[in-house]
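Here is what each chain is made of, one letter per residue.
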Amino acid sequence: MTSRKAKLIIDGKEIDLPIIEGTMGPPSIDIRTLSQEGLYTFDPGYISTASCSSAITFVDGLNSQLLYRGYPIEQLAEKCDFLDVSYLLFNGELPDAKEKEVFQSTINGHSLIHDQLTSVFKGFRRDAHPMAVMIGVVGSMSAFYFDDMDVSNRKHRRLSAERLLAKLPTIGAWSYTYNLGLPFVYPQNDLGYAGNFLNMMFSSPNKKYQNNPVLTRAFEKILILHADHEQNASTSTVRLVGSSGANPYACIASGIASLWGPAHGGANEATLKMLAEIKNESRIGEYINRAKDKDDEFRLMGFGHRVYRNKDPRSEIMKVTCHEVLDELNLSNEPLFKLALALEKIALEDEYFIERKLFPNVDFYSGIVMKALGIPNSMFTAVFAIARTAGWVSHWNEMMGDKNNKIGRPRQIYTGKTQRNIS
Ligand code: SDX
């Protein structure tokens, strides 16, 4: 808290409001006492409003900076694996060798799911979207792993976080193979987190998946880049649901539901659908014009961001990874990928996009990389959910460990009928 104050003058009355500053980022006016004056603020979408304080992740949209517990995303993507990053987000520090060994063993120990949960999959149609299946199965974990849980108990929270981190890849991969009518492939603890997921996705009883280190590392970077991102829509959803004391499995299921939206985590799937619709470079101009047309709801998927007003640092890393994967698989001349790079070039030179700082976000390239890895469009957001579970459980744990935590209950501006009587 600084000694600086903001002064609100309303109807001749002066109200002093303290200004709060964190360790990084812009100051905020503390408006908590306004309600005592019978005054409220209006900020749909939280454009100018901080919903909480947090020590986990910092995003500087103007300077394209993303820090997980103070470490730049560029260094984490280069030097760490996803379990290092998950441990860092939850605990606040990177694990030393012993801590990493214990954590890896703990996650391995939880990678299977209760055998009765496999029948929850069977309640879905085979063509159910993997995100629908994940929401259902993760929510059902409340009935299998919540019986002895006290959300105010730090050890209980850690156990449920470890269970979720360990089981999401299994649930995600099985949501896909269930679609195909294939038998579930069980986790192999010697394959590492990223390799294990790819193995469950692509191997089958009669065909062993051949691990390619370049592709596995590319997938690991997708997980690292998507692990957390401050109070985005799905993380804010997890916090709001958790603020009522709901169990962690219900909280994470709600986060998956929010992430599914095309404006949020569904953007990578929507990007590939958009590229398929554009079909070839000769039609790019038509779609750029549609994206600018206020009467057309079409938006260029994979472009723009609520916070980044210059480049998204993650998309810079993902772009390099994208070229590595396309080179490794000799796909650089594939029409779809050439179309994506042509679209990016044209958009970045267009005044409308430049003026509005609409640059490719992380989803523009991650969709292309996942497509090249053979992951189907319908699984892109499922992969995002697996990665973001590391952030979601960390924010949930941080909030539940805060003794000042209050149930989230926003106000509103009522615009409906004034009181009237039934005649
Ligand atoms: C993620 O919050 C996070 O951190 C999210 C995320 C995470 O890690 O959790 O980073 C992941 O969700 C990335 C974003 C993925 N979404 C998409 O790629 C979908 C396409 N992008 C847009 O829907 C949009 O850019 C948003 C939702 C991402 C951001 O929307 P904002 O900040 O609310 O921007 P806005 O609607 O106020 O737009 C500002 C202007 C408008 O034009 P004007 O009214 O000023 O003339 O930019 C235009 C918009 O029409 N605009 C676009 C556009 N995005 C914004 N025009 C065309 N195409 C777009 N993609």
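Scroll up for the structure.
Residues numbered from 1 in each chain as written. Predicted model: local features only at pLDDT ≥ 70, side-chain atom pairs only at ≥ 80, totals over all residues. Heavy atoms only, no water.

### Observations concerning the packing of helix α12 (residues 267–278) against helix α15 (residues 335–348)
Moving on, step 1. For the pair α12 and α15, the least separation of the axes is 10 Å and the interaxial angle reads 100 degrees. Comparing their axes, α15 and α12 come out roughly perpendicular. Packed against α12, whose contacting residues are Leu272, Met274, Leu275 and Ile278, the element α15 presents Leu336, Leu339, Ala340 and Leu343 at the interface.
Moving on, step 2. A breakdown of the residues in the contact of α12 with α15 according to their chemical character gives eight nonpolar, no polar and no charged. (Axes fitted to C-alpha atoms, helices over the stretch in contact; angles between N-to-C directions. Helix = DSSP H or I, 4+ residues; strand = E, 2+ residues; numbered from the N terminus. Parallel < 35°, antiparallel > 145°, perpendicular 65-115°, else oblique. Contact = heavy atoms within 4.5 Å. Nonpolar A, V, L, I, M, F, W, Y, C, P; charged D, E, K, R; others polar.)

### Overview of unusual backbone geometry
Moving on, step 1. In the Ramachandran plot, Ser64 falls in the positive-phi region, its phi being about 50 degrees despite a non-glycine side chain.
Moving on, step 2. In this structure Ser64 comes out as buried when scored by relative accessible area, which is 10%.
Moving on, step 3. Even without a glycine there, the phi angle at Arg69 is positive, about 50 degrees.
Moving on, step 4. Relative to the helices and strands, Arg69 is located in the loop between β5 (65–68) and β6 (71–72).
Moving on, step 5. Judged by relative accessible area, which is 23%, Arg69 ranks as partly exposed. (Buried < 20%, exposed > 50% of the residue type's maximum accessible area, 1.4 Å probe, protein only.)

### Side note on the nonpolar core
Moving on, step 1. Counting 114 residues, the largest nonpolar core has Leu300, Leu343 and Ile375 as its most contacted members.
Moving on, step 2. Broken down by element, the residue count for this core peaks at 13 residues, all from helix α18 (residues 380–400).
Moving on, step 3. Setting aside its immediate chain neighbours within four residues, Ile375 contacts Leu198, Met201, Phe202, Phe219, Met370, Phe380 and Val383.
Moving on, step 4. Core analysis: the second largest hydrophobic core is formed by five residues, Ala6, Leu17, Ile19 and Leu34 among them. (Core = buried A, V, L, I, M, F, W, Y, C linked by side-chain atoms within 4.5 Å.)

### A word on the environment of Pro187
Moving on, step 1. Position of Pro187 relative to the elements: it lies in the loop between α7 (154–180) and α8 (192–202).
Moving on, step 2. In sequence terms Pro187 and Phe197 are 10 residues apart; their C-alpha atoms lie 7.6 Å from each other.
Moving on, step 3. Aside from chain neighbours lying at most four places away, what touches Pro187 is Ser111, Leu112, Thr170, Asn196 and Met200.

### Comments concerning the pattern of salt bridges
Moving on, step 1. Summed over all chains, the structure comprises 18 salt bridges.
Moving on, step 2. The partner of Glu344 in a salt bridge is Lys319, and the shortest N-O contact between them spans 2.9 Å. Here Glu344, found in helix α15, pairs with Lys319, found in helix α14 (residues 313–328); they are 25 residues apart in sequence, far enough to count as distant.
Moving on, step 3. Among the charged side chains, a network of salt bridges with common partners joins Lys7, Glu14 and Asp16. (Salt bridge = Lys/Arg side-chain N within 4 Å of Asp/Glu carboxyl O.)

### Remarks on the pairing of strand β1 (residues 5–10)
One face of the sheet, then the other: side chains in a regular strand alternate in exactly this way.
Moving on, step 1. Direction of pairing for β1 relative to strand β2 (residues 13–20): antiparallel, over a ladder of six bridges. Note on β2: the bridge partner recorded for Lys5 is Pro18. (Pairing = 2+ DSSP bridges.)

### Overview of α18
Moving on, step 1. Between the first and last C-alpha of α18 there are 30 Å, a value that for 21 residues agrees with the 30 Å anticipated at 1.5 Å per step.
Moving on, step 2. Maximum bend of α18: about 40 degrees, positioned at Arg388.
Moving on, step 3. Buried residues dominate α18, accounting for 20 of its 21 residues. (Expected span 1.5 Å × (residues − 1). Bend = angle between axes of the 7 residues up to and from the residue.)

### Considering the pairing of strand β4 (residues 57–60)
Moving on, step 1. Taking every second residue as pointing to the same face, both faces of β4 are buried, with Thr57 and Val59 on one and Phe58 and Asp60 on the other.
Moving on, step 2. Two strands pair when backbone bridges link them, and β4 and β5 are joined in this way by four bridges, in the antiparallel orientation. Note on β5: the bridge partner recorded for Asp60 is Gln65.
Moving on, step 3. Between β4 and β5, which pair antiparallel in sequence order, lie four residues; one of them, Ser64, sits at a positive phi of approximately 50 degrees.

### A look at the sheet that holds β6
Moving on, step 1. Across the sheet, three strands lie side by side as β4-β5-β6; this open sheet has antiparallel pairing. Strand pairing shows two members of the sheet lacking a second neighbour, β4 and β6, which therefore form its edges.

### Describing the sheet that holds β1
Hydrogen bonding along the main chain pairs the strands of a sheet, whether they run parallel or antiparallel.
Moving on, step 1. The strand order β1-β2-β3 describes an open sheet built from three strands, whose pairing is antiparallel. Looking at the sheet topology across the chains shown, the edges are occupied by β1 and β3 (28–29).

### Examining the site of the ligand
Moving on, step 1. Around the ligand there are 25 residues in total, and His229, Leu300, His305, Arg314 and Arg388 lie nearest to it.
Moving on, step 2. His229 places a side-chain nitrogen or oxygen 2.5 Å from an oxygen atom of the ligand.
Moving on, step 3. Within the side chain of Asn361, a nitrogen or oxygen atom sits 2.9 Å from an oxygen atom of the ligand.
Moving on, step 4. For the ligand, the protein covers 78% of the area, taking 1100 Å² as the surface of the free molecule.
Moving on, step 5. Partitioning the shell around the ligand into residue classes produces 10 nonpolar, seven polar and eight charged. (Near = heavy atom within 4 Å. Polar contact = N/O pair within 3.5 Å; in protein donor to acceptor, adjacent residues only side chain to side chain. Areas by Shrake-Rupley, 256 points an atom, 1.4 Å probe, with all protein chains shown as cover.)

### Re the state of the cysteines
Moving on, step 1. Scanning all chains against the criterion turns up zero disulfides.
Moving on, step 2. Cys52 carries a free sulfur, and the closest cysteine sulfur to it, the one in Cys251, is 14 Å from it.
Moving on, step 3. Overall, Cys251 belongs to the buried group, its relative accessible area being 0%. (Disulfide = S-S within 2.5 Å.)

### Some thoughts on the environment of Pro95
Moving on, step 1. With respect to the helices and strands, the residue Pro95 is situated in the loop between α2 (82–91) and α3 (97–109).
Moving on, step 2. Between the alpha carbons of Pro95 and Ile252 there is a distance of 24 Å; along the sequence they are 157 residues apart.

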